[in-house]
Amino acid sequence: MEYIPDYLKPFIIHKGYFPELIEDSWFNNPVYWKGRLISPQNETKFKLYFCGELIDNSIVGKQTSPLAIYADSVHSGERITLFDERYNGYEALLIEDKRELPLSPEIQFVDKDAEKEFEIIILGCSNTDFDDEYPATEPVQLINGDRVNKEYLKCNAFDFISILIRNAKGQVYTILEMELC
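Nothing here was measured: the structure is a model prediction, and the numbers come from that model.

## Re the state of the cysteines
Now for step 1: All chains considered together, the criterion is met by 0 disulfides.
Now for step 2: Not part of a disulfide, Cys-155 finds its nearest cysteine sulfur in Cys-125, a span of 14 Å.
Now for step 3: Residue Cys-155 is classed as buried on the basis of its relative accessible area, which comes to 10%.

## Things to note about the packing of aromatic side chains
Now for step 1: Counted by the stated rule, this structure contains 5 aromatic pairs.
Now for step 2: Chaining the aromatic ring pairs together yields one cluster made of Trp-33, Phe-83 and Phe-158.

## Brief notes about unusual backbone geometry
Now for step 1: If you check the backbone angles, Asp-56 has positive phi at about 50° while not being a glycine.
Now for step 2: Within the secondary structure layout, Asp-56 lies in the loop between strand S4 (53-55) and strand S5 (58-60).
Now for step 3: Positive phi values are uncommon outside glycine, yet Asn-57 reaches one of about 70°.
Now for step 4: Tracing the backbone through its elements, the reader meets Asn-57 in the loop between S4 and S5.

## Notes on the pattern of salt bridges
Now for step 1: This structure, assessed with the given rule, holds 14 salt bridges.
Now for step 2: A salt bridge links Glu-85 to Lys-98, with the nearest nitrogen and oxygen atoms 3.1 Å apart. In this pair, Glu-85 sits in the loop between strand S7 (79-84) and helix H1 (90-95) while Lys-98 sits in the loop between H1 and strand S8 (107-108), placing the two residues 13 residues apart along the sequence. Across this residue pair, the class does not change: Glu-85 and Lys-98 are buried.
Now for step 3: Here Lys-150 ties to Asp-131 by a salt bridge, and the two come within 3.7 Å at their closest N and O atoms. One end of the pair, Lys-150, is in helix H3 (residues 150-156); the other, Asp-131, is in helix H2 (residues 130-133), and 19 residues separate them in sequence.
Now for step 4: A relative accessible area of 17% means that Lys-150 is categorised as buried.

## Here's the deal with the side chain of Lys-150
Now for step 1: Side-chain polar atoms of Lys-150 contact the backbone oxygen of Tyr-134, separated by 2.9 Å.
Now for step 2: The residues contacting Lys-150, other than those within four sequence positions of it, are Phe-130, Asp-131, Tyr-134, Pro-135 and Ala-136.

Calculation criteria
Residues numbered from 1 in each chain as written. Predicted model: local features only at pLDDT ≥ 70, side-chain atom pairs only at ≥ 80, totals over all residues. Heavy atoms only, no water. Disulfide = S-S within 2.5 Å. Buried < 20%, exposed > 50% of the residue type's maximum accessible area, 1.4 Å probe, protein only. Phe/Tyr/Trp six-rings, centres within 6.5 Å; stacked < 30°, edge-to-face > 60°. Helix = DSSP H or I, 4+ residues; strand = E, 2+ residues; numbered from the N terminus. Salt bridge = Lys/Arg side-chain N within 4 Å of Asp/Glu carboxyl O. Polar contact = N/O pair within 3.5 Å; in protein donor to acceptor, adjacent residues only side chain to side chain. Contact = heavy atoms within 4.5 Å.

Structure representation (structure tokens):
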């Protein structure tokens with residue numbers, strides 16, 4: 001079973017992967033959730049915006065503010081949050097409360113080919129055995145005080161995330177690889 005984070009479920013499809021990745025054994029690892037981004041209007045081209053820094057065609061967080069990455073549909077303009085370090089992943093749910101931290105100014109992502117529109121694949125995983133870590137059947141308390149079941153954690157407390165893009169020239173780049181604990 002793939003445990004796609006709840007906030008991404010409406011925007012992920014499991015087909016149409018970039019053909020260049022099909023043979024990549026790392027990409028096909030069964031512990032990962034993965035999918036191609038699609039808008040509610042079935043659009044697959046997006047502009048990317050982020051709060052962080054761009055270093056060598058990769059988006060990274062700043063030490064002084066959380067990382068956030070958004071995809072805006074090229075035609076409808078609808079915004080989809082791909083990752084927000086204040087709310088998404090293992091660390092945000094179980095380790096450190098960053099909800100009150102301000103984001104750095106938003107920047108539009110332009111890749112090293114000077115492209116601004118992309119198809120997006122997003123994937124992640126968790127190395128935590130939540131059944132072993134939380135053996136009781138009672139709800140687990142999150143850092144924000146909410147109580148959730150282990151199935152929620154299996155979907156949402158991922159500790160690794162990666163974002164790959166393909167530009168109009170057919171170039172595929174990994175723009176984010178981040179461990180979250």
